[in-house]
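Next come the chains, spelled out residue by residue.
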Amino acid sequence: MSHRGAVPADTPGTTDHPVPADQVVDYTVPREGLPEVTDTPQALAAAVAALSRGSGPVAVDAERASGFRYGQDAYLVQLRRQGAGTLLIDPVGTGDLSGLGLALREPEWILHAADQDLACLKDLGLHPTRLFDTELAARLLGRAHVGLGAVVEETLGLRLAKDHAAADWSTRPLPRSWLIYAALDVELLIELRAALAQELEDAGKAPWAAQEFEYVRTRPPRPAKIDPWRKTPRAGRAVRSPRSLAILRELWTAREQLAAELDRTPSKVLPHQALVAAAVARPTSRRKMNALKEFSSRQARQHQELWWRAIERAIQMPDEDLPPARAPQGPQSLPQPRSWQRHHAEAASALELVRSAVRERAEAIRVPQELLLAPEAQRRLAWDLGVNGAAGAVPVSAAAIGERLEALGARPWQVQQVAPRIAERLA
């Protein structure tokens, strides 16, 4: 069923009572029509003025060109606020966004899966001072499906088209159908926030949500990965010797540098399979490299001299400079849990107890286990309890476990829910 002027259900659906599927209505176009793209400094000034005159929270989304461009830059920013309507802002053409940042500083931001967009918005100078994440809210409420389309359907009874999520948003001009998709991503966030906030309040989970939203808003960037080239798809099992790993590393590094220069996603410059194939075959000449089918494409041949120089560096590299077969551990890294049973039996036993306590509590309060307590925090707590607790150096009271969890970044609501249960298991 489709209706151009569709409106949200009179009574919002909830986790236990979603809007019935046969009552869901297609929502295909913005109710106020598709706005013009804001792509000049003059248009941006008008957009900032409209936002400043508006009231209430601001729905926010951003579109990137993942899979096409290097990095995670935002190529379109969508905003919606009562009294201002929907704004589609092209950060490439508008120039300085500091005025927009000021206009967005005071109101609460509503995003779906905020951790996916906050970094690219921060790069534009846009920072929220308050946040409501509709995806996180749905997870805290125990929803089985937490994608924006599913949450909107079950809560508001409206079906959004999700056709262009993987599009190249650096394309200019942006097609009309893409812009409709982008506008609809913020069209219903304000109504969705109101419905989810009420359900959180009714479930007694509003304080939990507030703590999670603030955690996402203020969380520092994740540290850089050690040896990211080792994560090349399908390399883990195929590439094992130090010399092959050197070829993989040199090719990965050369590809990364070229991709940054070309502003293209690395796999579009040279496929992952080509890196792995060269690392396995270890070609000893340019001719042998070109004979590999993964290097026969026009894309690979375009920069074949660069690829050969990378392979040649690895072939000629002294043994002492070759990468180790095993990835180095960071200063705070733990051994892989699968090895604990053999070498750290106490920690393995503690991990099973911690996991079971968290799992049972998560089921009881209908929250995903990984949201109730991050897997990394579970592992580190178990390691402390097993390795240090064997000597009696780690107390296992609820208060002591709570203090350790706080030091590991757990929020107060998480500590309150899991620390007593873990202490009971360890007693």
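None of these values were measured; they are calculated from a predicted model.

What counts, and where the lines are drawn
- Counting of residues starts from 1 at the beginning of each chain's written sequence and follows it residue by residue.
- The predicted origin of the model limits local features to residues at a pLDDT of at least 70 and limits the giving and counting of side-chain atom pairs to 80 or more, whereas totals for whole chains, interfaces and linings rest on all residues.
- Values reported for side chains reflect all heavy atoms of the structure, with hydrogen atoms and water molecules removed beforehand.
- The helix and strand labels rest on DSSP assignments: H or I over at least four residues marks a helix, E over at least two residues marks a strand, and numbering proceeds from the N terminus.
- Under the scheme applied here, a residue whose accessible area is under 20% of the maximum for its type counts as buried, over 50% as exposed, and between as partly exposed, the area being computed with a 1.4 Å probe on protein chains only.
- Accessible surface area values rest on a Shrake-Rupley calculation with a 1.4 Å probe, where residue burial reflects the displayed protein chains alone.
- Within this scheme the basic residues Lys and Arg register as positive and the acidic residues Asp and Glu register as negative, but His and the chain ends are omitted.
- Each charge is placed at NZ for Lys, CZ for Arg, CG for Asp and CD for Glu.
- A pairing counts as a salt bridge when a side-chain nitrogen of Lys or Arg comes within 4 Å of a carboxyl oxygen of Asp or Glu.
- Two rings belonging to Phe, Tyr or Trp (six-membered ring only in the last case) form a pair when the distance between their centres is within 6.5 Å. Interplanar angles under 30 degrees mark stacking, angles over 60 mark edge-to-face geometry, and anything in between is tilted.
- Grouping buried Ala, Val, Leu, Ile, Met, Phe, Trp, Tyr and Cys residues that are joined through side-chain atoms within 4.5 Å yields what is termed a nonpolar core.
- UniProt positions are given in the numbering used here, feature names are shortened, and annotations may be inferred rather than shown by experiment.
- Structural elements are reduced to axes, namely lines fitted to C-alpha atoms, with helices fitted over the stretch in contact, and the angle between N-to-C directions of any two is expressed from 0 to 180 degrees.
- What makes a crossing left-handed is the near helix being turned counterclockwise from the far one by less than a right angle; a clockwise turn instead makes it right-handed.
- We call two residues contacting when some pair of their heavy atoms lies within 4.5 Å.
- Throughout this entry, Asp, Glu, Lys and Arg are counted as charged residues, while Ala, Val, Leu, Ile, Met, Phe, Trp, Tyr, Cys and Pro are counted as nonpolar. The remaining residues, Gly among them, count as polar.
- Each helix should span, by expectation, one fewer than its residue count multiplied by 1.5 Å.
- Our arc is simply the arc of the directions from the helix axis toward the C-beta atoms.
- Throughout this description, any angle smaller than 35 degrees is read as roughly parallel, any larger than 145 degrees as roughly antiparallel, any in the 65 to 115 degree range as roughly perpendicular, and the remainder as oblique.
- Polar contacts here mean pairs of N or O atoms no more than 3.5 Å apart (in protein, one a potential hydrogen donor and the other a potential acceptor; neighbouring residues in sequence count only if both atoms are side-chain atoms).
- Only strands joined by at least two bridges in the DSSP assignment are considered to pair.

Draft legend 1. Geometry of the overall build of the chain. Within the chain one finds 21 helices and eight strands. Along the first, second and third principal axes, the C-alpha atoms of the chain reach 70 × 65 × 45 Å. A buried classification covers 45% of the 427 residues belonging to the chain. As displayed, the chain has an accessible area near 21400 Å², and 51% of this comes from carbon and sulfur atoms. Both charge centroids of the chain, one from 54 positive and one from 52 negative side chains, sit 8 Å from each other.

Draft legend 2. Molecular detail of the pattern of salt bridges. Under the defined criterion, the tally for this structure stands at 29 salt bridges. A salt bridge links E106 to R81, with the nearest nitrogen and oxygen atoms 3.7 Å apart. With E106 in the loop between α2 (98-103) and β6 (109-111) and R81 in strand β4 (residues 74-82), the pair connects residues that are 25 residues apart, well separated along the chain. We classify E106 as exposed; its relative accessible area is 53%. Overall, the relative accessible area of 8% leaves R81 in the buried class. Residue E199 pairs with R143 through a salt bridge whose shortest N-O separation is 3.1 Å. Here E199, found in helix α7 (residues 189-202), pairs with R143, found in the loop between α4 (134-140) and α5 (148-156); they are 56 residues apart in sequence, far enough to count as distant. Shared partners join several salt bridges into a network, and the residues in it are R31, E32, R80, E187 and E191.

Draft legend 3. The packing of aromatic side chains, seen in detail. Here the structure, examined in full by the defined rule, presents five aromatic pairs. Each ring, one from W169 and one from W178, has its centre 5.5 Å from the other, and the planes form 55°; the classification is tilted. A residue is classified by how much of its surface remains accessible, and W169, at 0% relative accessible area, is buried. An aromatic cluster is defined as three or more aromatic residues linked by ring pairs; in this entry it consists of W169, W178 and Y181.

Draft legend 4. The arrangement of the nonpolar core in detail. In this structure, L79, L100, W109, L121 and L405 are the most contacted members of the largest nonpolar core, which totals 84 residues. For this core, the element with the most residues is helix α17 (residues 345-365), which contributes nine residues. Core analysis: the next-biggest nonpolar cluster, separate from the first, contains 30 residues, A254, V276, L292 and M317 among them.

Draft legend 5. Summary view of the UniProt feature "domain: HRDC" (unreviewed entry) in the chain. Residues annotated by UniProt as "domain: HRDC" (unreviewed entry) correspond here to residues 241-321. Segment residues 241-321 splits into 72% helix and 0% strand. End C-alpha atoms: 13 Å apart.

Draft legend 6. The packing of α5 against α7, seen in detail. The geometry of α5 relative to α7 is characterised by a closest axis approach of 10 Å and an angle of 65° between their N-to-C directions. Judged by the twist between their axes, the crossing of α5 over α7 is left-handed. Two secondary-structure elements touch here, α5 through L148, V151, V152, T155 and L156 and α7 through L189, E191, L192, A195 and L196. Its residues assigned to classes, the contact of α5 with α7 shows eight nonpolar, one polar and one charged.

Draft legend 7. Fine view of the environment of D321. On the secondary structure map, D321 appears in the loop between α15 (304-316) and α16 (340-343). The class for D321 is partly exposed, based on a relative accessible area of 43%. When the C-alpha positions of D321 and W252 are compared, they lie 17 Å apart, and in sequence the two are 69 residues distant.

Draft legend 8. Representation of α7. For α7, which comprises 14 residues, the first-to-last C-alpha distance of 20 Å matches the rise-based estimate of 20 Å (1.5 Å per residue) to within 8%. The set of residues buried in α7 consists of L189, L192, A195, L196, E199 and L200. Angular distribution of buried residues about the axis of α7 spans 135°; they occupy a single face of the element. Looking at α7, the residues exposed on the side facing more than 90 degrees away from the buried face are E201 and D202. In the segment just after α7, G204 is the residue with positive phi, at about 75°.

Draft legend 9. Structural context of the packing of helix α10 (residues 242-262) against helix α12 (residues 272-281). Packing of α10 against α12 leaves a shortest axis separation of 8 Å and a crossing angle of 150°. By the angle class used here, α10 and α12 are roughly antiparallel. Remark: the crossing between α10 and α12 carries right-handed chirality. When α10 is examined against α12, the residues S244, I247, L248, L251, W252 and R255 are found in contact with a partner set consisting of H272, L275, A278 and A279. Across the contact of α10 with α12, the residue classes break down as seven nonpolar, two polar and one charged.

Draft legend 10. How the structure looks around the environment of E250. Of note, E250 is situated in helix α10. With 21 residues separating them in the primary sequence, E250 and W229 have C-alpha atoms 9.0 Å apart. Excluding residues that lie within four positions of it along the chain, E250 makes contacts with A310, R313, A314 and M317. Among the polar contacts made by the side chain of E250, one reaches the side chain of R313 at a distance of 3.1 Å.

Draft legend 11. Highlighting the sheet that holds β4. Across the sheet, which stays open at both edges, the six strands sit in the order β2-β5-β4-β3-β6-β7 with mixed pairing between neighbours. In this open sheet, the two edge strands, each paired with only one partner strand, are β2 (37-38) and β7 (131-133).

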